[in-house]
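Architecture at a glance
Here are the chains, one letter per residue:
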Amino acid sequence: MSRSMVFRAAFAAIAAIGAGQEALAEAGETASATIVATAEVLAPISLAHDGNASLSFGSIVLNGIGGTVNVNVAGGHGTTGSVLLIGARLPTRDSFIVTGEPRRTFTIMTANGVLGQNGGMAYTTLLGALTGTLDASGRASFLVGGELKIESHQPPGRYAGSYRVTVTYN
């Protein structure tokens, strides 16, 4: 066989192989799968202030150097320094109600605050827990306490302020 005939035969064989592969690819050599997609729509989480309680540091008398008033989430309170609590208005903790998707967990965050204007008296909020779980009916509650710092030069008067509470699904 001549050299040119060998080349022609080899070229014809390669062309036939290529045509066969092209025919396979055109025949749809593919694979597929069906995958399930999902979504879950939850009841919105909401937060309400329990009208039976509000964070209060009570009625305070300063006798010198200043100090703190502490309100814990268990319901107790105390003072440090020269702070004296008087009268029927004693410190109280705050109370909140959360509603949402039953049995879901959530995170609780509080911000610190200031009572009064122009610096006033700074306070720190205190939580008994940083998370909670909604019960089978989609309800939960939590308490907030705090610690108020009172400087010795604090003028007499009524002081008020606010703080932010945020709940978020986990």
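Refer to the structure above for everything that follows.
The sections below set out a description of the structure shown in this document. (Residues numbered from 1 in each chain as written. Predicted model: local features only at pLDDT ≥ 70, side-chain atom pairs only at ≥ 80, totals over all residues. Heavy atoms only, no water.)

**Side note on the pattern of salt bridges**
Counted only if it meets this: Basic side-chain nitrogens of Lys or Arg form a salt bridge, by our definition, when they fall within 4 Å of a carboxyl oxygen of Asp or Glu. Secondary structure elements follow DSSP: runs of H or I no shorter than four residues count as helices, runs of E no shorter than two count as strands, and numbering proceeds from the N terminus. For every residue, the accessible area (1.4 Å probe, protein chains only) is compared with the maximum for its type, and the residue is labelled buried under 20%, exposed over 50%, or partly exposed between those bounds.
Per the counting criterion, the structure on display carries two salt bridges. Across the salt bridge formed by Arg 104 and Glu 40, the nearest N and O atoms sit 2.8 Å from each other. Of this pair, Arg 104 sits in the loop between strand 4 (94-99) and strand 5 (105-110) while Glu 40 sits in the loop between helix 1 (3-26) and strand 1 (46-49), placing them 64 residues apart in sequence. For Arg 104, a relative accessible area of 25% translates into the label partly exposed. Lys 149 is the salt-bridge partner of Glu 151, the closest N and O atoms lying 3.6 Å from each other.

**Some remarks on the packing of aromatic side chains**
For any two aromatic rings, the description comes down to two numbers: the centre-to-centre distance and the angle of the planes. Applied cut-off: Any two of the Phe, Tyr and Trp rings considered here, Trp counted by its six-membered ring, make a pair once their centres fall within 6.5 Å; the pair's planes then place it as stacked at under 30 degrees, edge-to-face at over 60, or tilted in between.
This structure, assessed with the given rule, holds three aromatic pairs. With a centroid separation of 5.4 Å and 20 degrees between ring planes, the pair formed by Phe 96 and Phe 142 is classed as stacked. Highlighted residues: Phe 96 in strand 4 and Phe 142 in strand 9 (residues 139-151), separated in sequence by 46 residues. An aromatic cluster is built from Phe 57, Tyr 123 and Tyr 163, whose rings are joined through pairwise contacts.

**Quick look at unusual backbone geometry**
Residue Arg 103 is not a glycine yet carries a positive backbone phi of 65 degrees. The residue Arg 103 is located in the loop between strand 4 and strand 5 in this model. You can call Arg 103 exposed: its relative accessible area is 60%.

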